[in-house]
Amino acid sequence: MAAERSGTVGKALRVLTLLGEHPHGATAGQVAEDAGYPFSTAYRLLHTLVEEEFATYDPREKRYRLGLRVYQLGRRVAHQRGFEGTAAPILQRLTERTGESSILAVLDGDRFLTVHKVDGPQFRTTTDPGDRGPLHTSAVGKVLLAFSDAPVREELLGRIDLSPRTERSITDRAELRRQVERIRAQGWAGQQEENDTGMAALGVPVLGPGGRLVAAVALAAPLFRSTLEGLQERLPELRQAAEDLALELPSRP
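In what follows, the accompanying structure is described. Positions within a chain are numbered from 1, following the residues in the order the chain's sequence is written. In view of the model being predicted, local features appear only for residues whose pLDDT reaches at least 70, and side-chain atom pairs are presented and counted only at 80 or more, with totals across whole chains, interfaces and linings using the full set of residues. Hydrogens are left out, water is left out, and the side-chain values use all remaining heavy atoms of the structure.

1. Looking at the overall build of the protein
- Every helix listed is a DSSP run of H or I at least four residues long, and every strand listed is a run of E at least two residues long, numbered separately from the N terminus. Regarding its fold elements, the protein presents 10 helices and 8 strands.
- The atom set for the radius of gyration is the C-alpha atoms, and the globule formula is 2.2 Å times the number of residues raised to the power 0.38. A globule of 253 residues ought to have a C-alpha radius of gyration of about 18 Å, and the protein, at 19 Å, matches this closely.
- If one aligns the C-alpha atoms of the protein with their principal axes, the spans along those axes are about 55 × 40 × 40 Å.
- Remark: exposure states derive from per-residue accessible area (1.4 Å probe, protein chains only) relative to the maximum for the residue type, with buried under 20%, exposed over 50%, and partly exposed in between. Residues classed as buried in the protein amount to 46% of the 253 residues present.
- Residue pairs at least 24 apart in sequence account for 54% of intrachain contacts in the protein once pairs closer than 6 positions are excluded.
- In short, Shrake-Rupley with a 1.4 Å probe defines the accessible areas, and a residue's cover is counted only from the protein chains shown. Total accessible area on the protein stands at roughly 13,200 Å², and carbon and sulfur atoms take up 50% of it.
- Of the charged side chains in the protein, 33 are positive and 34 negative; the average position of the first set lies 3 Å away from that of the second. For this analysis, residues touch if any pair of their heavy atoms sits within 4.5 Å. Only four residue types enter the tally: Lys and Arg on the positive side, Asp and Glu on the negative side; His and the chain ends are excluded. Every charge is mapped to an atom, namely NZ of Lys, CZ of Arg, CG of Asp or CD of Glu.

This is the structure:
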C-alpha cells in the first residue's frame, strides 16, 4: 500500500510539473500525452490537484493551470533561500551598473531553474522565475554544468539531451565536454544565439565554502545592445555580484 501511495504522489507531482511547462494551460489530453499516462489517470490526478488548489480548471477553455497554492509555496521557498530578500538587491545593483538584465539560476536535475531576474531598462529577458531550461545552450546552464560536483558533472555530460534551440546550439557531446573544461579553467561561460536568436549572455558561478556550487549569475543582452565580447567587459561587475551572493545565499540552495 505504501508503495502504491508513493507512486500516486510521484505521478501527481509529475503532472504538477508538466502544468508548469504550459503557461497558457493544458487540456487533460495534453497532460496525459506529455506524462505518458492513460487519460483516466491524468484526469483523476488533475481533479485532485484542483480540489487541493494546486491547479485550476477553466471549463470554457477546458484547460488546467497551476493554482495559487503553488505560487504561495514558491514564494516561501524563495524567501527561505534568500532568492528575494538577499538576491534581489544584488541583481538590481548589477543591472543598474551594467545596464543589462541579470539572472540567477540553480541546478535542477538536468536543467537550470531561474530563481530571480532583473530586466534591463530597455528590454526584458526571455526567462522568468520558475522557468527551466537546457544546460548545454545557456550561459547559466553551462556554468552550472561546469562547476557542479565531479560525479554530477560526469553523469550529466553523459546523458543530457543535446537537442538544439537554434542553429548555433551545441549538439556534439565531445565539443560540450571541451567547452566545460574551458569554462572551468577561465571561470565563466558565454553564449551568443545558442539559446535564443538575437541574444547573448555571460555567466559565472556563485561558489560557497570550499568552492561548492550554489548558483549561477549571468548578464543577458540583445545583440543590438551587446555581443558576447562586449559582455565580457562586464566580468568584473559580474564576478563582484557572484561574490556578494556567495556571502549571502545558503551554501545548499
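2. Concerning the packing of helix α7 (residues 150-159) against helix α8 (residues 173-186)
- Where α7 meets α8, the axes come as close as 9 Å, and the angle between the chain directions of the two elements is 150°. Here α7 lies roughly antiparallel to α8, going by the angle between them. Relative to α8, α7 is oriented so that their crossing is right-handed. Contacts between α7 and α8 involve R153, E154, L156, L157, G158 and R159 from the first element and R173, L176, R177, V180 and R184 from the second. Axis definition: a line fitted to C-alpha atoms, over the contacting stretch in the case of helices. Angles run 0 to 180 degrees between N-to-C directions. The labels follow the angle: roughly parallel below 35 degrees, roughly antiparallel above 145, roughly perpendicular from 65 to 115, and oblique for the rest. Should the near helix be turned anticlockwise from the far one by less than a right angle, the crossing is termed left-handed; should it be turned clockwise, right-handed.

3. What about the packing of aromatic side chains?
- Between the rings of Phe, Tyr and Trp (Trp by its six-membered ring), a pair exists once the centres lie within 6.5 Å; its type follows the angle of the planes, with under 30 degrees stacked, over 60 edge-to-face, and the other angles tilted. As enumerated under the stated definition, the model contains 2 aromatic pairs in all.
- With a centroid separation of 4.6 Å and 40° between ring planes, the pair formed by Y57 and Y64 is classed as tilted.
- When its relative accessible area of 37% is taken as the criterion, Y57 is described as partly exposed.
- What makes Y64 buried here is its relative accessible area of 6%.
- Placement of a positive charge over a ring is assigned whenever Lys NZ or Arg CZ falls within 6 Å of the ring centre and within 35 degrees of the normal to the ring plane. The side chain of K11 reaches across the aromatic face of Y37, ending 5.8 Å from its centre.
- It is R184 that lies over the ring of F147; its NZ or CZ is 5.8 Å from the centre.

4. A look at the sheet that holds strand β3 (residues 101-108)
- Pairing in this open sheet of 6 strands is antiparallel, and the strands run β5-β4-β3-β8-β7-β6 from one edge to the other. Since the sheet does not close on itself, it has two edges, and those belong to β5 (132-134) and β6 (189-192), each with one partner. Here the average twist between neighbouring strands, direction ignored, is 30°.
- In short, DSSP must find at least two bridges between two strands for them to pair. Alignment of β3 against strand β8 (residues 213-222), held across 5 bridges, turns out to be antiparallel. Note on β8: the bridge partner recorded for L104 is V217.
- Along the sheet face, helix α10 (residues 235-248) touches β3, β7 (199-207) and β8 and points at about 40° away from the line of β7.

5. Some words on the pairing of β8
- The element β8 is extensively covered by neighbouring structure, given that 10 of its 10 residues are classed as buried.
- Of the pairings in the sheet, the one linking β7 to β8 comprises 9 bridges and is antiparallel in character. Among the inter-strand pairings, G203 is bridged to a residue of β8, identified as A218.
- From the end of β7 to the start of β8, which pair antiparallel, there are 5 residues, and G210 there has a positive phi angle of about 75°.

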